[in-house]
Amino acid sequence: MKLITALLFYFFINSIHLSAHELWLEAKEYDLRRDDKIIINIKVGQDLVGESYPFLNHETEKLLLQSSTILKPLKQNDGDYPAIQQMPDEKGMQYIYYQSNKEFLKYKDYKTFLEFVDEYHLTYNQKDKNIPKEIYQRFAKTIVKYDNSNFFKPNNNLEFEIINENDPFMNNESQIKIFLNNKPFSNKTFIVFFRNDNVFEKKEYKTNKSGFAKINTSKKGLYLISAVNLETLNFIEQFRFKADYYSKWASLTFKKY
């Protein structure tokens, strides 16, 4: 019990330190066979290199699994490591969704904040040079294949979500749509990270007015699609959250073999 408490404390401290970086779901295997378990790590870091964290109920607002006929909430135990461990209910593509609770962040300096907004071409208050304080929330999703399953287009299950329009495992050009509060994430920059044993790549893309984009997924390896929305809080929200901004981070991961 003492060991579990110490581990949770370690991960909690480090999650605060890494809070401004990407969060994504990374499966142990993306091509499952019959009787295989879905095993997924919650990872935080940069450039697809990061730490794996245990499941913590107090940090989690929503955890879902969707297959072709089932959408259900998942329950995990505090301290589960890997964070998500689940048997599929049926054959087919499996979409796993993780939505964090809101967390508070104060940037260490103004330069770090500028690096963040510049990377994603975000709009912010350029007149205010004080070190910003922010509320942030994560909306992460990953896809695994189970028993040579056929692709199906998932529902929109998160406030901020990247949705596949075609099978990312089979196509060299993946088609996606991004939605924020059920509306297209229109004309916005997002980033695709790619990594395999020999190569790391990072490339900017932009959605059209419908929130649609095509992505080059011709190489074998792990893909992370990351989109960020930054909202300047109004006076009432600033007083409520003791923050200047509210950022939402959407991520989608899959791996081609």
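Residues numbered from 1 in each chain as written. Predicted model: local features only at pLDDT ≥ 70, side-chain atom pairs only at ≥ 80, totals over all residues. Heavy atoms only, no water.

### Section: the pattern of salt bridges
Think of it this way: side chains of opposite charge can pair up when their charged atoms draw near.
Logical step 1: Taken as a whole, this structure holds ten salt bridges when the rule is applied.
Logical step 2: The salt bridge involving Lys 153 is made with Glu 165; its shortest N-O contact spans 3.0 Å. Of this pair, Lys 153 sits in the loop between β10 (133-146) and β11 (160-164) while Glu 165 sits in the loop between β11 and β12 (173-180), placing them twelve residues apart in sequence.
Logical step 3: A residue is classified by how much of its surface remains accessible, and Lys 153, at 47% relative accessible area, is partly exposed.
Logical step 4: Lys 219 is the partner of Glu 201 in a salt bridge, and the nearest nitrogen-oxygen pair spans 2.3 Å. One end of the pair, Glu 201, is in strand β15 (residues 200-206); the other, Lys 219, is in the loop between β16 (212-216) and β17 (221-232), with 18 residues separating them in the sequence.
Logical step 5: Salt bridges here are not isolated pairs; linked through shared partners, they connect Arg 34, Lys 91 and Asp 147. (Salt bridge = Lys/Arg side-chain N within 4 Å of Asp/Glu carboxyl O. Helix = DSSP H or I, 4+ residues; strand = E, 2+ residues; numbered from the N terminus. Buried < 20%, exposed > 50% of the residue type's maximum accessible area, 1.4 Å probe, protein only.)

### Section: the packing of aromatic side chains
Logical step 1: Overall, the coordinates contain 14 aromatic pairs when judged by the stated rule.
Logical step 2: A ring pair is formed by Phe 113 and Tyr 124, whose centres lie 5.6 Å apart and whose planes are at 90 degrees; its orientation type is edge-to-face. Taken together, the positions of Phe 113 in helix α2 (residues 110-119) and Tyr 124 in the loop between α2 and β10 put the pair eleven residues apart, joining distant regions of the chain.
Logical step 3: For Phe 113, a relative accessible area of 0% translates into the label buried.
Logical step 4: Aromatic side chains Tyr 223 and Phe 254 sit 5.4 Å apart centroid to centroid with 20 degrees between the ring planes, which places their arrangement in the stacked category. Placement of Tyr 223 in strand β17 and of Phe 254 in strand β18 (residues 245-256) is noted, with a sequence separation of 31 residues between them. (Phe/Tyr/Trp six-rings, centres within 6.5 Å; stacked < 30°, edge-to-face > 60°.)

### Thoughts on the nonpolar core
Logical step 1: By size, the foremost hydrophobic cluster in this structure holds 68 residues, and its most contacted members are Phe 113, Phe 116, Phe 190 and Ile 225.
Logical step 2: Ranked by residue count, the leading element in this core is β17, at seven residues.
Logical step 3: Discounting residues that sit within four places of it in the chain, Phe 190 has contacts with Ile 176, Ile 178, Lys 203, Glu 204, Tyr 205, Lys 206, Thr 207, Ala 213, Ile 215, Ile 225, Ser 226 and Ala 227.
Logical step 4: The next biggest cluster of nonpolar side chains, apart from the first, holds five residues, and it includes Ile 135, Leu 233, Phe 241 and Tyr 246. (Core = buried A, V, L, I, M, F, W, Y, C linked by side-chain atoms within 4.5 Å. Contact = heavy atoms within 4.5 Å.)

### Focus: the environment of Asn 216
Logical step 1: Residue placement: Asn 216 occurs in strand β16.
Logical step 2: In the structure, Asn 216 is positioned 44 residues away from Asn 172 in sequence and 6.1 Å away in space, judged by C-alpha atoms.
Logical step 3: Ignoring anything within four residues of it in the chain, the contact list for Asn 216 reads Asn 172, Tyr 205 and Tyr 223.
Logical step 4: Within the local environment of Asn 216, its side chain forms a polar contact with the side chain of Ser 218, the two groups lying 2.8 Å apart. (Polar contact = N/O pair within 3.5 Å; in protein donor to acceptor, adjacent residues only side chain to side chain.)

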